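Notes for the structure review
Residues per chain, in single letters:
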Amino acid sequence: MDKKQLRIIYMGTPEFAVLPLQKLVENGYNIVAVITMPDKPSGRGHKMQQSAVKQYALSAGLPVLQPEKLKNPEFLEQLRSYNADLQIVVAFRMLPEVVWAMPKYGTFNLHASLLPQYRGAAPINWAIINGEKETGLTTFFLQQEIDTGDIIMQHKITIEPTDNAGNLHDKLMIEGAEMVIATTDMVINQNITAIPQNQIATEQLHPAPKIFKETCQINYNQTAEQIHNFVRGLSPYPAAWTEFQLNGHSINAKIFATEPIIEPHNLTIGTALTDNKTYIKIACKDGFIKLLNMQLPSKKPLNVRDVLNGLK
RNA sequence: CGCGGAGUAGAGCAGUGGUAGCUCGUCAGGCUCAUAACCUGAAGGUCAGUGGUUCGAUCCCGCUCUCCGCAA
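Once a new chain begins, its residue numbering starts again from 1 and follows that chain's sequence as written. Chains carry letters and ligands carry numbers; both start at the beginning, A for chains and 1 for ligands, and go up in the order they are written. It should be noted that, the model being predicted, local features are given only for residues of pLDDT at least 70 and side-chain atom pairs only at 80 or more, the latter also being counted only at that level, while totals for whole chains, interfaces and linings use all residues. Computation of side-chain values: all heavy atoms of the structure, hydrogens and water removed.

**Some thoughts on the overall build of chain A**
Selection rule: A helix here means a DSSP run of H or I that spans at least four residues, while a strand means a run of E at least two residues long, and both kinds are numbered starting from the N terminus. Only protein chains enter the accessibility calculation, which uses a 1.4 Å probe; a residue whose area is less than 20% of its type maximum is buried, one above 50% is exposed, and one in between is partly exposed. When checking whether two residues touch, look at their non-hydrogen atoms; a contact exists if any pair is within 4.5 Å. Within this scheme the basic residues Lys and Arg register as positive and the acidic residues Asp and Glu register as negative, but His and the chain ends are omitted. Every charge is mapped onto a representative atom, which is NZ of Lys, CZ of Arg, CG of Asp or CD of Glu.
If you tally the helices and strands in chain A, you get eight helices and 15 strands. Reported as C-alpha extents along the three principal axes, the dimensions of chain A are approximately 70 × 50 × 30 Å. Looking at chain A as a whole, 46% of its 312 residues are labelled buried. Contacts spanning at least 24 positions in sequence make up 64% of the contacts within chain A whose residues lie at least 6 apart. Of the charged side chains in chain A, 29 are positive and 29 negative, and the gap between their average positions amounts to 7 Å.

**Thoughts on the nonpolar core**
As a reminder, the rule being used: Put simply, a nonpolar core is a bunch of buried Ala, Val, Leu, Ile, Met, Phe, Trp, Tyr and Cys residues held in one set by side-chain atoms that sit within 4.5 Å of each other.
By size, the foremost hydrophobic cluster in this structure holds 39 residues, and its most contacted members are Y10, F16 and I88. Per-element accounting of this core gives the leading share, nine residues, to helix α6 (residues 165-188). With 28 residues, the next largest nonpolar core counts I211, Y220, W241 and M294 among its residues.

**Here we look at the domain arrangement of chain A**
For clarity, the threshold we go by: Domain ranges listed in this record stem from an automatic or a database domain assignment. Summed over both partners, the accessible surface that disappears when two parts come together, traced with a 1.4 Å probe, is what is meant by buried area. When a carboxyl oxygen of Asp or Glu lies within 4 Å of a side-chain nitrogen of Lys or Arg, that pair is called a salt bridge.
For chain A, the assigned domains are domain 1 (7-199) and domain 2 (213-311). Its C-alpha centre places domain 1 at a distance of 35 Å from the equivalent point of domain 2. Contacts between the two partners involve twelve residues from domain 1, matched on the other side by nine residues from domain 2. When the buried area of domain 1 at its contact with domain 2 is split by residue, I128, I129 and N164 rank highest and sum to 50% of it. Scanning the region where domain 1 abuts domain 2 turns up zero salt bridges.

**Considering the side chain of T258**
Take T258: it is sitting in strand β11 (residues 249-262). The exposure class assigned to T258 is buried, which follows from its relative accessible area of 7%. Beyond its immediate sequence surroundings of up to four residues, T258 is in contact with H228, V231, I289, K290, L291 and L292.

**A short note on the sheet that holds strand β7 (residues 107-111)**
As a general point, the strands of a sheet are linked pairwise by backbone hydrogen bonds and lie either parallel or antiparallel. Cut-off, in case you're wondering: Strands pair, by our definition, only if DSSP identifies at least two bridges between them. To obtain an axis, a line is fitted to C-alpha atoms, over the contacting stretch when the element is a helix, and the angle between two such axes runs from 0 to 180 degrees between their N-to-C directions.
With mixed pairing, the seven strands of this open sheet are ordered in space as β5-β2-β1-β6-β7-β8-β9. Whereas interior strands pair on both sides, the edge strands pair on one side only; in this sheet they are β5 (64-65) and β9 (151-158). Examined bridge by bridge, strand β1 (residues 8-12) and strand β6 (residues 86-90) share five bridges and lie parallel to one another. Residue pairing for β6: M11 is matched across the bridge by V89. Running over the sheet, helix α1 (residues 18-26) touches β1, β2 (31-35) and β6 and is turned about 165° from β2.

**Concerning the packing of aromatic side chains**
We count it as follows: Two aromatic rings, drawn from Phe, Tyr or Trp (for Trp, its six-membered ring), form a pair once their centres lie within 6.5 Å of each other, and the interplanar angle then sorts them: stacked below 30 degrees, edge-to-face above 60, tilted otherwise. The rule for a charge over a ring is simple: NZ of Lys or CZ of Arg within 6 Å of the ring centre, and within 35 degrees of the ring normal.
On inspection of all chains with the given rule, the structure shows zero aromatic pairs. Across from the ring centre of W241, 5.3 Å away, lies the NZ or CZ of K213, which sits over that ring.

**Here we look at the state of the cysteines**
The condition that has to hold: Note that a disulfide, as used here, is simply two cysteine sulfur atoms within 2.5 Å.
One pass over the structure, following the stated rule, counts zero disulfides. Free of any disulfide, C216 has its nearest neighbouring cysteine sulfur in C284, separated by 18 Å. Judged by relative accessible area, which is 1%, C216 ranks as buried. Take C284: its relative accessible area is 0%, and that puts it in the buried class.

**Side note on α6**
Rules: To estimate the expected span of a helix, subtract one from its residue number and multiply by 1.5 Å. Here a polar contact is recorded for every N or O atom pair within 3.5 Å, except that within protein the pair must consist of a potential hydrogen donor and a potential acceptor, and residues adjacent in sequence are included only if both atoms are side-chain atoms.
Over its 24 residues, α6 extends 33 Å from the first C-alpha to the last, a length consistent with the 34 Å expected when each residue adds 1.5 Å. Put simply, N164 is the residue that caps the front of α6, since its side-chain oxygen is 2.9 Å from the backbone nitrogen of G166. Just beyond α6, the residue with positive phi is Q190, at close to 55°.

**Focus: the side chain of N109**
You can see N109 is positioned in strand β7. By relative accessible area, N109 is classed as buried at 9%. A polar contact of 2.7 Å, which involves the side chain of N109, links it to the backbone oxygen of V89. Ignoring any residue separated from it by four or fewer positions in sequence, one finds N109 in contact with V89, V90, A91, T138, T139, F140, L142 and D147.

In structure tokens, the structure reads:
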């Protein structure tokens, strides 16, 4: 089958989903429609924002659908009218069976982990938080339970010690775009052997639930290494935050970069030390966590040196 | 008109209705075996823009622009 003949509907919302779509379009695949989140007031000033995918889709001249409810009968009718052969989902939301079961060749999803590890909304963040040395990408066919479908392709990516959620996201996005193309080609060539996830041997399964602000507070009752991973796993978004006392100031800050220091001490956990010039470090379980880059309320993210200059 | 914060030297911040200040950085010189050390000196500002009040505005008031947090 020629790729022109395969009618594809693409579903996705954020930045992560743009690159795969762009690759598909640039390589001449037949995208008949794009589904994305409705425009929402967001950001400063509550301005209406179009999703990253919508912005790209419009610039590429693709039809865009933005249903409030995926089970809405009118939407389903509209969806059916596109008569798609395949649906591709990247960073969208849970789909009802009536949607994912619609196309002849089904619906596949690109997920940013090595399934069955890190099922859920925030696989990139959790992999780093847990100190993983590698993670990856998976394409799989959608099934009832979220992120449990039969696996089509997987690709490993090394997590470098210097990686944070931001640049790992970018790496995965680039690789993910290639995988979407490759997986689509497998569908076109009818050359797929999807493997059920329960046939994959794994140790303990780590979940990757959605992250809320409460879960972003730094707990100093952990090792320096754990805190370090926590910070980079949440950097730059949604960002780890903390409160501590420094020279009589009560500091409340988002932390973007840290350095772990393993060193015995007798200080109370959470005590902040500084020379007022070059560093701030906070006592944790087995040493200190040195703050390198942080953001005070109403300020921009700054190096600790600059923060200290301003506190004098 | 969702709520709130902020724009002052290259960077980070003070400050006052009457000639603009701190820390860091930069440059020059000194000291030192040595430093993200120390000492001395210098350069560097249309106090975001714009209108108004005033004898006089960086400061008070109106508007504009830009940035940041919350909230989704």
